[in-house]
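# Residue-level structural notes
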Amino acid sequence: MTTKIYDAIVVGTGAGGGMAMKILCEAGLQVCAINSGPRTDPTEDFRQHRQVYDLKFRGYGNPLRFEGKAHQEPYSVEESEYSEGRDLFEHDIAYANAPGTDWYWKRCKATGGKANFWGRSSARYGDIDFKAADFDGFGENWPVDYAEISPWFSKAERYMGVASTIQNRPSNPDGEYLPPMPWRCIDHIIQKGAEKIGVPYLPDRCAQLTVDHYDHPACHYCGNCSRGCDAGSFFSPTWFTIPDAEATKNLTLLTNALVRSVITDENGLAKGVAYIDRGTRQEVEVYAKVVVLAASCVETAHIMLNSKSRHWPTGIANSSGQLGRNLCDHLYGSPGYGYLPRLLGQPATPDNIADSTVAWMPRWQNLKNPHEEQFIRGYSVYMGGGCGDFPGYYGQIEGFGLQFKHDIKRYYPTGIGALIQAPSLPSPTNYVDIDPDKKDIFGIPQLRFHFQWGQNELLMWEHSKRVMADLFKAMGGEMWGMDDEPNRPGTSLHETGVCRFGNDAKTSVTNKWAQTHDVPNLYICDASIFPSPTDKTTTMPIVAFTMRTCDHMLSNFKQGIHKRV
Amino acid sequence: MGGQGIERREILRFIGIASVAASFPGFHQWAFACAHHQEPAATAPIDAGPYNPLFFSPQQFRMVEHLAEMIIPEDDTPGAKKAGVAEFIDFMVANKVPVSASRDVRSTQDTIEMGNEAQSRFLAGLGWMNTRSHSEFEREFMDCTREQQNALLEELAYKAKFKPTTESGRAFFQMMRDYTVVGYYTTKVGLESLGYPGLRTVWPKMPSCPHPDDPEHTHLREP
């Protein structure tokens, strides 16, 4: 019996992995995609049209649902009673936090991964991000510039469908957009206030279909996107890339297959991967000419750090020593929330049916001069509010009885709140490594986080609180408060950096094509290659960079650098 | 208990940005649901005979039901009683679901501990109310007049009426109010009482602000 060898293995089926397998399958390659958990079934798993009162525990979930699991912390928001009963999220594999670190690692192991439930904000990165080191002298530039990546952003936007407007802000390059989401009352009021204090308030770049897009129907505005879309009206691997890849018949999709390591040949090149079959607990090997890791940022580093061999004593493709280093994240938290008295008592309007970032404040700091502020780089702010579902502001209203009930209704349209998205800077003390003592239930050494917020992002956090105080004044709002401290690191799901790309093999893990410097047939298609998180989100750029990486890989196949089976 | 945690939680939910939600399993875990099930059976007021409480004694249950209705009474929309809030509270307390949690849930053990805490706080709190009503009016809370009951709650609910000796009563009232509000506004009648127009499966498009001539909304009149 001959052993099957694929042209390519793709580990992970999320934003990056899904796109990689689509492109490689459509190019005629035989692809084996390996997914850690079960297959996502939108009709079974996405029960977002259910009423909260149809859920046994009103959305809180069965309190004993994680009993006996290795990792029992629930993952808000993505994981909820709306999808309870299906084993979509990772609770069998624990991870470690070094003393003083409190990383919140939310993992979806089902096909499509976190991209089934993502926030859909899809801004382009610009040269202000790629060449930040030139501007402010910190760190290193990205190995690409805007002119080079711009066409790939266009391709990604065209495929995904992104709603926005042309805004002519060099720090936020415009793309190719579907019609924007209409604005609600709160957006107009916030925009007028923001204008008075010199802060932009503009339609976000939102990957939600405001019109039909190829085979994908326009959004039906049921308002529960974060539970997964039952109609495929925003980009997700489940509705977009995975079906495209499967249509080619060139895809073999393995599920419940937890990849442990990349295995190498006698020359130290990638030969395939070893995975644990979760059902049988047996280790299985799969072979291919090229291996693509897209396991989500830190899990990709985890697999590589666990891929030790004679050639790679500290993990595969780690001659730079940068594997697992430079862990970055977005600092999240609310720097201000309150209400708009001028909307008191107004009729309820369906403000959250898009359940989305309709508008935001794209970075406005340090644009003219990189050192205008006490911090370098910059942050963005999302604003939300209006009528939601549960009147969570009730704690602001004193008392009980008829007046209390009346006031809850009266304040219903008025509440607004801000969310800061502030990038951390790479730091030698922020990284992941392998815990020397702890192993998971399959015997795989656990990943361990070392991470603290740095001074730069904490200065942004303080700055944003002052801006929010000014904004509330300018728009005639009343402030109720702000978060005492930022959310735990990891909350944003925007971790980057642990396999950063660069032109110098001594200081980066991959080259500008996301091909590891050391192992030419090992590629990375997730946010781990991004050297810094910028003030923008990661999903659309993951898709765009994956398209570019796969294009490069295919040309390497064409030139014979990689040989087909 | 609950004070700071609740406030933080509220915000995360109401600002309506899914990704902002942080580290607790509470308010943000359910989201708005769209009317899908039209069967009235799922939503009709409970009238299938007397409810047998899972956790509370019948006397305690009646007191919980009464307190809930005092917090959210019937007006032109149903109150807590018709919405079945007492059943909700009994069910959640019995199952140790920490609705009004004092800290993050990191493990099943945390959940159970907070669930146990809620059970004992409910029992102690109901007892406290009776002790208080005895010392003020020389009778059980449920035997007090409506005015006396209001007076007892007001000193727990309004800062201006707080007394230094009622701290544990205030903590109980806050928890009772949390459970009541959560129980009420996660029912169909509760959501409908807010006039929220999203209770449906499909909107053909997202409606935009109906006040194009008044972007700052300075000319709106409160109905």
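Residues numbered from 1 in each chain as written. Chains lettered and ligands numbered in written order. Predicted model: local features only at pLDDT ≥ 70, side-chain atom pairs only at ≥ 80, totals over all residues.

The next thing to look at is the overall build of chain B. On a plain count of helices and strands, chain B comes out with seven helices and zero strands. Shown N-terminal to C-terminal, the secondary structure of chain B runs as helices and strands in the order α-α-α-α-α-α-α. Counting the 223 residues in chain B, one finds 43% classified as buried. Contacts in chain B between residues at least 24 apart in sequence constitute 56% of all its contacts with a sequence separation of at least 6. (Helix = DSSP H or I, 4+ residues; strand = E, 2+ residues; numbered from the N terminus. Buried ≥ 20, exposed ≤ 12 C-beta atoms within 10 Å, placed from the backbone. Contact = placed C-beta atoms within 7 Å.)

Ranked by internal contacts, the top residues of the largest apolar core, which has 202 residues, are Ile9(A), Val11(A), Val31(A) and Val292(A). Ignoring any residue separated from it by four or fewer positions in sequence, one finds Ile9(A) in contact with Cys32(A), Ile34(A), Gly272(A), Val273(A), Val286(A), Ala288(A), Val291(A) and Val292(A). (Core = buried A, V, L, I, M, F, W, Y, C linked by C-beta atoms within 7 Å.)

On to the packing of helix H5 (residues 146-160) of chain A against helix H11 (residues 539-558) of chain A, then. All names here are of chain A. Viewed as axis vectors pointing N to C, H5 and H11 meet at an angle of 115°, and their least axial separation amounts to 8 Å. Our classification of the angle between H5 and H11 gives roughly perpendicular. Judged by the twist between their axes, the crossing of H5 over H11 is right-handed. Two secondary-structure elements touch here, H5 through Ile 149, Trp 152, Phe 153, Lys 155, Ala 156 and Met 160 and H11 through Met 540, Val 543, Ala 544, Phe 545, Met 547 and Arg 548. Per-class residue counts for the contact of H5 with H11 are ten nonpolar, no polar and two charged. (Axes fitted to C-alpha atoms, helices over the stretch in contact; angles between N-to-C directions. Parallel < 35°, antiparallel > 145°, perpendicular 65-115°, else oblique. Left-handed = near helix turned anticlockwise from the far one by under 90°. Nonpolar A, V, L, I, M, F, W, Y, C, P; charged D, E, K, R; others polar.)

With that settled, the discussion passes to the interface of chain B and chain A. Taken together, the contacts link 76 residues of chain B with 88 residues of chain A. The set of elements that each furnish at least two residues to the side of chain B that touches chain A consists of helix H1 (3-14), helix H2 (58-71), helix H4 (108-137), helix H5 (146-157), helix H6 (167-184) and helix H7 (188-193) of chain B. Ranked by residue count, the leading element in the side of chain B that touches chain A is H1(B), at seven residues. In terms of residue class, the side of chain B that touches chain A is made up of 42 nonpolar, 22 polar and twelve charged.

Residue and element names in this part refer to chain B. On average, residues of chain B score 80 in pLDDT, and 76% of them are at 70 or above. Residue range residues 1-47 is modelled with pLDDT below 50. Its contacts to residues more than four positions away, or to other chains, number 142 contacts. Across the predicted assembly, pTM comes out at 0.93 and ipTM at 0.94. (pLDDT = per-residue confidence, 0-100.)

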